[in-house]
Amino acid sequence: VKFTSKTSVTVSPYIGRTSTDFAVTVTVTPSGGGAASGSVAVWVNAQKFTGELVDGTVTIALPKQKRGLYVVTASYPGSDHVQSSAGLSGFIVTR
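Quick caveat, the model's predicted, so the values are computed rather than measured. (Residues numbered from 1 in each chain as written. Predicted model: local features only at pLDDT ≥ 70, side-chain atom pairs only at ≥ 80, totals over all residues. Heavy atoms only, no water.)

Section: a nonpolar patch on the surface
Inference 1: A cluster of nonpolar side chains, contributed by Tyr14, Ile15, Leu69 and Ile92, occupies part of the molecular surface with about 430 Å² of accessible area.
Inference 2: Residue placement: isoleucine 92 occurs in strand S8 (residues 85–94).
Inference 3: Its relative accessible area of 36% is what places isoleucine 92 among the partly exposed residues. (Patch = residues over 30% accessible without salt bridge, like charges linked within 9 Å, V, L, I, M, F, W, Y side chains within 5 Å. Areas by Shrake-Rupley, 256 points an atom, 1.4 Å probe, with all protein chains shown as cover. Salt bridge = Lys/Arg side-chain N within 4 Å of Asp/Glu carboxyl O. Helix = DSSP H or I, 4+ residues; strand = E, 2+ residues; numbered from the N terminus. Buried < 20%, exposed > 50% of the residue type's maximum accessible area, 1.4 Å probe, protein only.)

Observations concerning the sheet that holds strand S7 (residues 68–76)
Inference 1: The mixed open sheet is built from five strands, whose spatial order is S2-S8-S7-S4-S5. Two strands in the sheet have a free side with no partner beyond their single neighbour: strand S2 (15–17) and strand S5 (47–53). Shown here is a sheet whose adjacent strand axes are inclined to one another by a mean of 30°, direction ignored.
Inference 2: Both S2 and S8 contribute to a ladder of three bridges, which runs parallel. (Pairing = 2+ DSSP bridges. Axes fitted to C-alpha atoms, helices over the stretch in contact; angles between N-to-C directions.)

Describing the side chain of glutamine 65
Inference 1: Within the secondary structure, glutamine 65 sits in the loop between strand S6 (57–61) and S7.
Inference 2: You can call glutamine 65 buried: its relative accessible area is 7%.
Inference 3: Polar side-chain contacts of glutamine 65 include one of 2.8 Å to the backbone oxygen of proline 63.
Inference 4: With near-sequence residues (within four places) excluded, glutamine 65 lies in contact with Thr18, Phe22, Val44, Tyr70, Phe91 and Val93. (Polar contact = N/O pair within 3.5 Å; in protein donor to acceptor, adjacent residues only side chain to side chain. Contact = heavy atoms within 4.5 Å.)

What follows is the structure, given as structure tokens:
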């Protein structure tokens, strides 16, 4: 039996400038058992990043971003004991 999971995505900060350092934190929370493990794929608009969960969480530092609105999607493919899940967030880069 696999536990369900919830993927939460936060971006820090949510609003910044082209000189701002942005970071995406992904937390995968299973409905039971231990912490989720494995890799997570993060897309910032069409650019893909990957990271490994440690105790169910990973933080990915992003390169400098151009001005605009960005959609962030995180996807956890699941494991032997935890089902897959995905989460969504976003951020804004001003001048």
